[in-house]
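This is what each chain is made of:
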Amino acid sequence: MTHDTQALPLIHGGAQTPRAALPVLPPLALYIHIPWCVRKCPYCDFNSHTASKVLPEEEYVDALLADLDQDLHAVYGRELSSIFFGGGTPSLFSAAALGRLLKGVEARIPFAGDIEITLEANPGTFEQEKFVAYRKLGINRLSIGIQSFQQEKLQALGRIHNGDEAVRAAGMARQAGFDNFNLDLMHGLPDQSLDDALSDLRQAIALKPTHLSWYQLTLEPNTVFWNQPPALPEDDTLWDIQEAGQALLAEHGYAQYEVSAYAQPGRPARHNLNYWSFGDFIGIGAGAHGKLSHPDGRIVRTWKTRAPKDYLNLAKSFQAGAKELTNDELPFEFLMNALRLTDGVDARLYAERTGLDLTSLDEARREAEQSGLMQVEPSRLAATDRGQLFLNDLLQKFLS
């Protein structure tokens, strides 16, 4: 018995002027969502669920591969440039389960010779013991969720690891053969001072990751913190942390290439770069989103069944919905990602990835430049420093 393979109705945005066929399809990536974690953090608004004592690994891998089978018709003849295991906590899954999954994926879609395969992992000792086995599978990049090295901050965030485990995780990643790994670090934490934030950042830098995701804690709807807000730093402190932290990262050779991403030379996350430059990605797993371009110019976003029990229910469809992007929606859709990049993108990429002429941006672009939010640079689409700070205001100008 298999999932219902009947396609759900495609949501259309009404009549629109036909777009040009895309001259070349974007790079193709795969996002795999594993929705379970040991405990749900109070700030987390991702599709994550507290795991039972026994995870349904085999059933979930079967479902992921069946889900992928239903998307194959849209990517025939293409190869994968990157794979990203996100969650939840993907490192809760055994190496045996992930190995079977990766073999199944490669049997369906060829891997690029230099494919980047990233796995999100927690610093807990249980996960660290699996690092060597993960590396043998061909996973060649880890993203380790540190958040803080300070015990009181970790407790406030509901994290289950301690500072020592966080430090050891980086060392064990390197010993396991990962020469490319990211540390995930937050700032603007409850009652955090400037010195606290910089201490965390210095500790992270001392571990010499190739990449740092350093971002401010925000209170998101449908989280514990949204309903029971902790005492967060004042705006002046947050600004001081941001300025001092960026200077410290630059001093140690971590170039900011996206709003919250910093990397050593040649080490930006390829999977995320593809996403931010309006590349294509298949999304499989509970609640996963995807975006696929078609040679005839159609660009379709998809989203999968969100609840794990429904995703594993063989009587239900994997796909919860799909929407073809309209001409009016494409400028915003393209720019909400591209303008997050510090250097923006080559202006020619707009026509290549959307099928629309660059002149369709002229009026809104001129207004954004006059407002000091976009750089006056004909060959690139890039926000100014002010535009990066007020990205929502900038993007509003491209909403139809």
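Computed from a prediction, not measured in an experiment: that's the story for all the values here.

Asks: Looking at this structure, I do not really get the environment of Ile83. What am I missing?
Replies: Inspection of the secondary structure puts Ile83 in strand β5 (residues 80-87). On the basis of relative accessible area, Ile83 is assigned to the buried category, the value being 0%. Spatially, the C-alpha atom of Ile83 lies 25 Å from that of Leu207, the residues being 124 residues apart in sequence. In this view, Ile83 contacts Leu30, Ile32, Leu102, Val105, Phe111, Ile115, Glu116, Ile117, Thr118 and His271; residues no more than four positions away in its chain are not counted.

Asks: Any chance you could explain the pairing of β5 here in plain terms?
Replies: Sheet faces and side chains relate simply in a regular strand, where the side chains alternate between the two faces. Within β5, seven of the eight residues are buried, which leaves it mostly tucked inside the rest of the structure. The sheet contact formed by strand β2 (residues 28-34) and β5 spans seven bridges and is parallel. Across the sheet, His33 pairs through a bridge with Gly86, a residue of β5. In the sheet, β5 pairs with strand β6 (residues 111-121) via five bridges, with the strands oriented parallel. When the bridges of β6 are listed, Ile83 appears paired with Ile117. Crossover handedness for the path β5 to helix α2 (residues 95-108) to β6: right-handed.

Asks: Can you walk me through the packing of helix α1 (residues 57-71) against α2 in this structure?
Replies: Between two packed helices, the angle of one axis relative to the other and the distance separating the axes together describe the packing. Here α1 crosses α2 at 15°, and the two axes come no closer than 10 Å. Compared by their axis directions, α1 and α2 come out roughly parallel. In this structure, α1 meets α2 at a crossing whose hand is right-handed. Residues Glu57, Glu58, Val61, Asp62, Leu64, Leu65, Leu68 and Asp69 of α1 form the contact with α2, whose participating residues are Ala97, Arg100, Leu101, Gly104, Val105 and Arg108. Looking at the contact of α1 with α2 residue by residue, the class counts come to seven nonpolar, one polar and six charged.

Asks: Whenever I open this one, α2 confuses me. Can you help?
Replies: Think of an α-helix as 3.6 residues a turn; residues three or four steps apart then line up on the same face. Counted at 1.5 Å a residue, the expected span for α2 with its 14 residues is 20 Å, and the 20 Å between its end C-alpha atoms agrees. Listed in full, the buried residues belonging to α2 are Ala95, Ala97, Leu98, Gly99, Leu101, Leu102, Gly104 and Val105. Where the residues of α2 are buried, they touch β2, α1, β5, β6 and α4 (131-136).

Asks: I tried to follow the pattern of salt bridges on my own but got confused; where do I start?
Replies: Pairing is possible between side chains of opposite charge, provided their charged atoms come close. Applying the stated criterion to the full structure yields 18 salt bridges. The shortest N-O distance in the salt bridge between Glu258 and Arg340 comes to 2.5 Å. Of this pair, Glu258 sits in strand β10 (residues 255-258) while Arg340 sits in the loop between α12 (330-338) and β16 (345-346); the two residues are 82 residues apart in sequence, bridging distant segments of the chain. You can call Glu258 buried: its relative accessible area is 1%. When the shortest N-O distance is used, the salt bridge between Arg301 and Glu333 registers 2.7 Å. With Arg301 in strand β14 (residues 299-304) and Glu333 in helix α12, this pair connects stretches of sequence that are 32 residues apart. Assessed through its relative accessible area of 14%, Glu333 is described here as buried. Each of the salt bridges in this network shares a partner with another, and the network as a whole consists of Glu58, Asp62 and Arg100.

Asks: Help me understand a nonpolar patch on the surface in this model?
Replies: A cluster of nonpolar side chains, Trp239, Leu389 and Phe390, forms an exposed patch at the surface whose accessible area comes to about 320 Å². Residue position: Phe390 is located in the loop between α15 (385-389) and α16 (391-396). Note on Phe390: relative accessible area 41%, which makes it partly exposed.

Asks: Looking at this model, I keep getting lost on the nonpolar core. Mind explaining?
Replies: In globular proteins that are soluble, nonpolar side chains generally tend to be buried together. In terms of nonpolar packing, the biggest core is built from 66 residues, with Leu30, Leu80, Ile83, Phe85, Phe93, Val105 and Ile282 touching the most fellow members. Among all residues touching Val105, those that are not within four sequence positions of it are Leu30, Leu65, Leu68, Leu80, Ile83 and Phe111. Within the second largest apolar cluster, 30 residues are counted, among which are Ala269, Ala338, Leu381 and Leu395.

Asks: Can you help me understand a negative patch on the surface in this one?
Replies: Taken together, the side chains of Glu234, Asp235, Asp236, Asp240 and Glu243 define an acidic patch exposed on the protein surface. Topologically, Glu243 is positioned in helix α9 (residues 235-251). Glu243 gets classed as partly exposed once you look at its relative accessible area, which sits at 44%.

So, how was this worked out
- Residues numbered from 1 in each chain as written.
- Predicted model: local features only at pLDDT ≥ 70, side-chain atom pairs only at ≥ 80, totals over all residues.
- Heavy atoms only, no water.
- Helix = DSSP H or I, 4+ residues; strand = E, 2+ residues; numbered from the N terminus.
- Buried < 20%, exposed > 50% of the residue type's maximum accessible area, 1.4 Å probe, protein only.
- Contact = heavy atoms within 4.5 Å.
- Pairing = 2+ DSSP bridges.
- Right-handed = clockwise from strand over helix to strand, strands pointing away.
- Axes fitted to C-alpha atoms, helices over the stretch in contact; angles between N-to-C directions.
- Parallel < 35°, antiparallel > 145°, perpendicular 65-115°, else oblique.
- Left-handed = near helix turned anticlockwise from the far one by under 90°.
- Nonpolar A, V, L, I, M, F, W, Y, C, P; charged D, E, K, R; others polar.
- Expected span 1.5 Å × (residues − 1).
- Salt bridge = Lys/Arg side-chain N within 4 Å of Asp/Glu carboxyl O.
- Patch = residues over 30% accessible without salt bridge, like charges linked within 9 Å, V, L, I, M, F, W, Y side chains within 5 Å.
- Areas by Shrake-Rupley, 256 points an atom, 1.4 Å probe, with all protein chains shown as cover.
- Core = buried A, V, L, I, M, F, W, Y, C linked by side-chain atoms within 4.5 Å.
- Lys, Arg positive; Asp, Glu negative; His and termini not counted.
- Charge placed at Lys NZ, Arg CZ, Asp CG, Glu CD.

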